[in-house]
Structures are given as structure tokens and as C-alpha cells.
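One-letter residues, chain by chain:
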Amino acid sequence: MKGIFTGDTAPPAPAALAAKVRTLAPSMTRSMQRVAEAVAGDPAGCAALTVTGLAELTGTSEATVVRTARLLGYPGYRDLRLALAGLAAQQQSGRAPAVTADIAVDDPIADVVAKLAYDEQQTLADTAAALDTVQLGAAVAALAQARRIDVYGVGASSLVGQDLAQKLLRIGLIAHAHTDPHLAVTNAVQLRSGDAAVAITHSGATGDVIEPLRVAFDRGATTIAVTGRPDGPVSQYADHILTTSTARESELRPAAMSSRTSQLLVVDCLFIGVAQRTYETAAPALAASYEALAHRHSPRTR
């Protein structure tokens, strides 16, 4: 199971504990989720509890508490307690806001800004730390060499897909973002070896995105998935998987907002990597697009 501690992996720093809970909670059992939510919600209180005490508090077993600690990246419960104590100390000193500081309907706008900024920063840091640079490099190479690139996404992910496609177009690549699932499939049928397809789906289970990727995969194109669930159905048809992290979801901050932040970081990494590999052609193409846009917006002379 991903996230289980091994001797070769250092336990996450205290500040990374909440990010671990957010990322791994969907794959946990309900009893493990209760333990994870408890430690993230009240690190100081849980740090004072024995393994038996935390099990009683969450209505679980000692074994579940230990399994949760290991899934979060700690060798055992003792190490998790140390991390909780460290996180509590950071929060009390003001160096880290409360993990459970959800945006409330009566929050002053200054608090909204602070909470959103913290969550965005954490999302970006989590994504950067978890991004497999070997997979990223392989995806960059595939895009840089592709005859044609199709990008699939729906909802908020469609906006990220359009961002990737327009970036690639500006450096001279043939790239198209498809938001209509029927057009996505009919275009995927035209792909072949030497082409590339990128699927963007936070859940990893969006059928309207998976289906065109499957068709592209079957046609021989190199396929790339940008997803928050690398173990999701989309992975069956992805040659390369780029994992994103998400900030905590709340009533006023749906997953579409938090996932978009991490997806945009991955898209920017892909774009910069491709631009580096194709610099001789990318630089003049980018300069030409800048010039065209500048000319379009300049006052016309008679």
C-alpha cells in the first residue's frame, strides 16, 4: 500500500502531516479516516494520548491507530505523537495556522485570504514533493517529440487542459484541448504512434476523460495522466502518471478549486520542460506570438 513506511523513507515533517491526511484519506478505511481526522484536527490533544487513548477517542482499535500512523509515513505511533507535538508547537507559535481552519461564512476577508494562501502554498509544496521527476521527464520527452497532442478534461480540469494546449501552441506544437467527450473520442481515433494524449482528472475516475485516453492508448499514442488518484481507473491507460496533491476540501472550497492549483503546477512543469527541449524552435515561435499579440493591441495608425 502506498504511503506505508519503509526504513529507506524519512517520516514526514510535522507540517506535512495535514497534507498527508488530505492526500491519503480517500484510500483509507473509514476507521483509519477517523484516526487521521482526529490527529489532523487536534494535534496537541492527540499528542497527549497513548495509543490506547487515541483508539478509544476515535472508536477504533490500537491496531488501526498503528496502521494509520504507518500509512501516514511514520514507523509507529510514538513517531506520530512526536510529529503531532511538533505541529502543535508550530501552531501555538503562529508559524503554522490551525490545520482545521476551514473558511467560515462569517470569516473576515483578511482571514479568507490568509487561509486560502496557506492552503494554496501547501498544495503546491505537496505536489512538488510528490511529483515523480522520472515520469515527468518521460512525459516531457513524449510531448516534445509528438506529431500531435490531444488534451482531455472536463469541468475545472478542462480549464487546465485548455491552458496546457494554448501554451504548447504558442511554442509551435500542434495541440488541441477537447472538452466535449464525443469530440474527444472521435479525435482520439485519429491518433497513432508518435502522437501524445494527456488526460487531466483529479479523481482519476472521470469516464468522459478516461474513454478518449483509452482510445488513444489503443491507437498507439503515448498517454499521460495528470491525476490526484494514481491508483484510479485512468492509470490503466496511462504510460506516464503525474500525481497531484489537493488542499483540504470544505463547504466553501470545493475540490475543483484545490485540485486546479496542483494541476496548473504540473502543466507549467510540462510546458517549461518541453520549451527547454525544443528551445531552438520554441523561442522564435514564442517571440512571434508575443509580437503578434503586441501588434494586435497597439493603437492603429492611419
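The rules we used
Residues numbered from 1 in each chain as written. Predicted model: local features only at pLDDT ≥ 70, side-chain atom pairs only at ≥ 80, totals over all residues. Heavy atoms only, no water. Helix = DSSP H or I, 4+ residues; strand = E, 2+ residues; numbered from the N terminus. Expected span 1.5 Å × (residues − 1). Buried < 20%, exposed > 50% of the residue type's maximum accessible area, 1.4 Å probe, protein only. Arc of directions from axis to C-beta. Pairing = 2+ DSSP bridges. Right-handed = clockwise from strand over helix to strand, strands pointing away. Axes fitted to C-alpha atoms, helices over the stretch in contact; angles between N-to-C directions. Contact = heavy atoms within 4.5 Å. Salt bridge = Lys/Arg side-chain N within 4 Å of Asp/Glu carboxyl O. Parallel < 35°, antiparallel > 145°, perpendicular 65-115°, else oblique. Nonpolar A, V, L, I, M, F, W, Y, C, P; charged D, E, K, R; others polar. Polar contact = N/O pair within 3.5 Å; in protein donor to acceptor, adjacent residues only side chain to side chain.

### A closer look at helix H7 (residues 109-130)
Okay, so step 1: Over its 22 residues, H7 extends 31 Å from the first C-alpha to the last, a length consistent with the 32 Å expected when each residue adds 1.5 Å.
Okay, so step 2: Taken together, the buried positions of H7 are occupied by Val112, Tyr118, Asp119, Gln122, Thr123, Asp126 and Thr127. Buried residues in H7, looked at end-on, bunch into an arc of 160°, giving them a common side. Opposite the buried face of H7, by more than 90 degrees, sit the exposed residues Ile109, Ala110, Val113, Gln121, Ala128 and Ala129.

### Thoughts on the pairing of strand S4 (residues 222-227)
Okay, so step 1: Across the six residues that make up S4, a large majority, five, are buried.
Okay, so step 2: Looking at chain direction, strand S3 (residues 196-201) and S4 are connected through six bridges and run parallel. Looking at the pairing, Ala196 lines up with Thr222 of S4.
Okay, so step 3: Tracing the backbone out of S3, into helix H11 (residues 207-218) and back to the parallel element S4 gives a crossover that is right-handed.

### Considerations on the pairing of S3
Okay, so step 1: Burial analysis of S3 places six of its six residues in the buried class, which makes it a mostly covered element.
Okay, so step 2: Pairing between strand S1 (residues 149-152) and S3: four bridges, direction parallel. When the sheet's bridge partners are listed, Val151 is paired in S3 with Val198.

### Observations concerning the sheet that holds strand S2 (residues 175-178)
Okay, so step 1: The sheet built from five strands is open, its strands ordered S2-S1-S3-S4-S5 with parallel pairing. With one partner strand each, in any of the chains shown, S2 and strand S5 (240-243) form the two edges of the open sheet. Between one strand axis and the next, the sheet turns through 15° on average, direction left out of account.
Okay, so step 2: Pairing of S4 with S5, which is carried by four bridges, proceeds in the parallel orientation. Residue pairing across strands places Thr227 opposite Thr243, the latter belonging to S5.
Okay, so step 3: Each of S1, S2 and S3 is contacted by helix H9 (residues 156-170), which is oriented at about 170° to S2, the strand it contacts most.

### A closer look at H9
Okay, so step 1: Its 15 residues place the ends of H9 22 Å apart at the C-alpha level, agreeing with the 21 Å of an ideal helix rising 1.5 Å per residue.
Okay, so step 2: After H9 finishes, the residue Gly172 shows a positive phi value of roughly 90°.

### So, the pattern of salt bridges
Okay, so step 1: A full pass over the atoms with the stated rule returns nine salt bridges.
Okay, so step 2: The closest approach of N and O atoms between Asp195 and Arg147, which form a salt bridge, is 2.9 Å. In this pair, Asp195 sits in the loop between helix H10 (181-188) and S3 while Arg147 sits in the loop between helix H8 (133-145) and S1, placing the two residues 48 residues apart along the sequence.
Okay, so step 3: With relative accessibility at 1%, the residue Asp195 sits in the buried group.
Okay, so step 4: Through salt bridges with shared partners, a single ionic network connects Asp163, Lys167 and Asp268.

### Re the packing of H10 against H11
Okay, so step 1: Axis separation between H10 and H11 bottoms out at 8 Å; the angle between their running directions is 10°. The angle between the axes of H10 and H11 places the two elements in the roughly parallel class. When H10 is examined against H11, the residues Pro181, Ala184, Val185 and Ala188 are found in contact with a partner set consisting of Asp208, Glu211, Pro212, Val215 and Ala216.
Okay, so step 2: For the contact of H10 with H11, the class distribution of residues is seven nonpolar, no polar and two charged.

### Brief notes about the side chain of Thr201
Okay, so step 1: Among the structural elements, Thr201 can be located in strand S3.
Okay, so step 2: A polar contact is formed between the side chain of Thr201 and the backbone nitrogen of Gly204, at a distance of 3.0 Å.
Okay, so step 3: Of note is the side chain of Thr201, whose polar atom sits 3.0 Å from the side chain of Thr206.
Okay, so step 4: With near-sequence residues (within four places) excluded, Thr201 lies in contact with Ser157, Thr206, Val209, Val226, Thr227, Gly228, Val234 and Gln263.

So far we have only geometry, and geometry alone does not tell us how the molecule works.
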